[in-house]
Amino acid sequence: MKRIGILTSGGDCQGLNATMRGVVKGLTKNVDDLEVYGFYDGYKGLIYGNYRLLSPSDFSGILTRGGTILGSSRQPFKLMRVPDEKGLDKVEAMKHTYHKLRLNCLVILGGNGTQKTANLLREEGLNVIHLPKTIDNDIYGTDVTFGFQSAINIATSAIDCIHTTAASHNRVFVVEVMGHKVGWLTLYAGIAGGADIILLPEIPYDLEKVIDAVKRRTHAGKGFTILAVAEGAISKEDAQLPKKEYKKKLEERKGHSVSYELAAQIEEKTGSEVRVVVPGHTQRGGSPSPYDRVLCTRLGAAAADLIVKGKYGYMVAIVDGETCKVPLEEVAGKLKMVETDSPIIKEAKTIGISFGD
Ligand code: F6P
């Protein structure tokens, strides 16, 4: 007999349903008496006891469905120890729900913040398994997260579409790709989409170098230029500002991201017509790619295997192409960033892509 709780937390992405399907199919096949409780809207459902007993049929036919059948919400880790507006102790409330349902394990799908709370629950004595979701691919300890490849496909196809119209009109285009802290998605979509300039949070850019790169293309007779710019791209100047001052500057932009600032600067300094395109949340939407469907199924099956064996307190990861278990305490709170001297950056530079550095 196993009683399992399952929830999806944080920003959604493609492959949440496919992963839950993998977990539950794996358990159904290998556990005689199984109860699966689905918590709604992430940790919120666990805190406020909003759940439902699910059946295997709930997890059937959802391999290709985007979003999450359980709903999701952001419950910031830093507020977990802060009582809610009615004074409720959220951590105690989560433990209460877990014990009330006499769960053997809680399966938690989410990104970095979600993982920190999963580790907190582990420290509080609950059995947890974490599955690494995010289009940002920034979870430490796994080579890849589910959602990443699907998002690359969408961001790349946005850049592909821009290529034709940019060429027709001889324009400069700034395509803003998701990723506030890390640039994995921008890097991969930028290379796949043939962007000329790629700006990442990890490599602060020098505006003059960006302008030079645009002008070099114009002088070489190329009518258009495409920049793939991460949401969190930052200029060298801004990177030197004290954190507080930079935060204030971001607030003053009033919703206008780095891309709009850059576009105005490029227009002013080159005289070219510049447009900004923000694919935004489309990057998290729609059906998971075939690659992600396989990844999700493998991660889900590996999680089921751990639960059958009673091994808890791990993130299920992919390392060197194989699924494996990584102790949560070794990875929680760490971020996987693009290394500025990594081979992929060097190779991109070799073919002439500018990183503005
Ligand atoms: O963490 C994933 C992510 O998609 C980021 O790349 C993006 O900046 C952020 O979520 C947007 O989140 P929200 O759903 O709060 O708009």
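Residues numbered from 1 in each chain as written. Predicted model: local features only at pLDDT ≥ 70, side-chain atom pairs only at ≥ 80, totals over all residues. Heavy atoms only, no water.

Visitor: I keep staring at the overall build of the chain and nothing clicks. Help me out?
Guide: Looking only at helices and strands, the chain has 13 helices and 11 strands in total. The C-alpha atoms of the chain give 22 Å as radius of gyration, which agrees with the globular expectation for 357 residues (21 Å, within 12%). Across its three principal directions, the C-alpha atoms of the chain cover 70 × 40 × 30 Å. Looking at the chain as a whole, 52% of its 357 residues qualify as buried. The contacts in the chain between residues at least 6 apart in sequence include a share of 74% that link residues at least 24 apart. One way to put it: in the chain the 46 positive side-chain charges average out to a point 3 Å from where the 42 negative ones average out. (Helix = DSSP H or I, 4+ residues; strand = E, 2+ residues; numbered from the N terminus. Rg over C-alpha atoms; globule rule 2.2 N^0.38 Å. Buried < 20%, exposed > 50% of the residue type's maximum accessible area, 1.4 Å probe, protein only. Contact = heavy atoms within 4.5 Å. Lys, Arg positive; Asp, Glu negative; His and termini not counted. Charge placed at Lys NZ, Arg CZ, Asp CG, Glu CD.)

Visitor: Honestly, the site of the ligand in this entry has me stumped. Any pointers?
Guide: Around the ligand sit R74, I135, D136, M178, G179, H180, E231, H281 and R284, and that is every residue in its neighbourhood. Note that an oxygen atom of the ligand is positioned 2.7 Å from one of the side-chain N or O atoms of D136. At 2.6 Å from an oxygen atom of the ligand is found a side-chain nitrogen or oxygen belonging to E231. Its free accessible area being 400 Å², the ligand has 71% of it covered by the protein chains. (Near = heavy atom within 4 Å. Polar contact = N/O pair within 3.5 Å; in protein donor to acceptor, adjacent residues only side chain to side chain. Areas by Shrake-Rupley, 256 points an atom, 1.4 Å probe, with all protein chains shown as cover.)

Visitor: What is the right way to read helix 4 (residues 112–123) from this model?
Guide: It helps to recall that an α-helix has 3.6 residues per turn; residues three or four apart then point in one direction. Over its 12 residues, helix 4 runs 17 Å from end to end, which matches the ideal 16 Å to within 8%, given 1.5 Å per residue. The complete set of buried residues in helix 4 reads N112, T114, Q115, T117, A118, N119, L120 and L121. In this fold, the buried residues of helix 4 make contact with helix 2 (43–47), helix 3 (90–100), strand 4 (105–110), strand 5 (128–132), strand 10 (314–319) and helix 12 (328–331). Following helix 4 by one or two positions, G125 has its phi on the positive side, about 95°. (Expected span 1.5 Å × (residues − 1).)

Visitor: Help me understand the sheet that holds strand 6 (residues 172–177), please; the structure alone is not making it clear to me.
Guide: Hydrogen bonds along the backbone pair up the strands of a sheet, which may run parallel or antiparallel. Here we have four strands laid out as an open sheet, ordered 7-8-6-9, and parallel in their pairing. Every other strand in the sheet has two partners, leaving strand 7 (197–199) and strand 9 (274–277) as the edge strands with one partner each. Neighbour to neighbour, the strand axes of the sheet diverge by 20° on average, direction disregarded. Bridge count between strand 6 and strand 9: four bridges; the pairing is parallel. Among the inter-strand pairings, V174 is bridged to a residue of strand 9, identified as V276. (Pairing = 2+ DSSP bridges. Axes fitted to C-alpha atoms, helices over the stretch in contact; angles between N-to-C directions.)

Visitor: Is there a simple way to explain the state of the cysteines in this structure?
Guide: On inspection of all chains with the given rule, the structure shows zero disulfides. Its sulfur unpaired, C13 is 7.2 Å from the next cysteine sulfur, which belongs to C296. With relative accessibility at 0%, the residue C13 sits in the buried group. (Disulfide = S-S within 2.5 Å.)

Visitor: Sorry, what's going on with unusual backbone geometry here?
Guide: What is expected of a backbone is that most residues other than glycine have negative phi and most peptide bonds are trans. At R102, a residue that is not glycine, the phi angle is positive and equals roughly 50°. Looking at the secondary structure, you find R102 in the loop between helix 3 and strand 4. Exposure remark for R102: the relative accessible area of 55% places this residue in the exposed category. The phi dihedral of N137 falls on the positive side, at around 55°, and the residue is not glycine. The residue N137 is located in the loop between strand 5 and helix 5 (148–169) in this model. For N137, a relative accessible area of 2% translates into the label buried.

Visitor: I would appreciate a short explanation of the sheet that holds strand 2 (residues 34–39) in the present structure.
Guide: The seven strands lie next to each other as 3-2-1-4-5-10-11, forming an open sheet whose pairing is mixed. Looking along the sheet, the strands with just one partner apiece sit at the ends: strand 3 (51–54) and strand 11 (322–327). On average, each strand axis in the sheet is inclined to that of its neighbour by 25°, with strand direction left out of account. Two elements, strand 5 and strand 10, share two bridges in a ladder whose sense is parallel. When the sheet's bridge partners are listed, I129 is paired in strand 10 with Y314. Strand contacts of helix 4: strand 4, strand 5 and strand 10, with the helix running at about 165° to strand 4, the strand carrying the most contacts.

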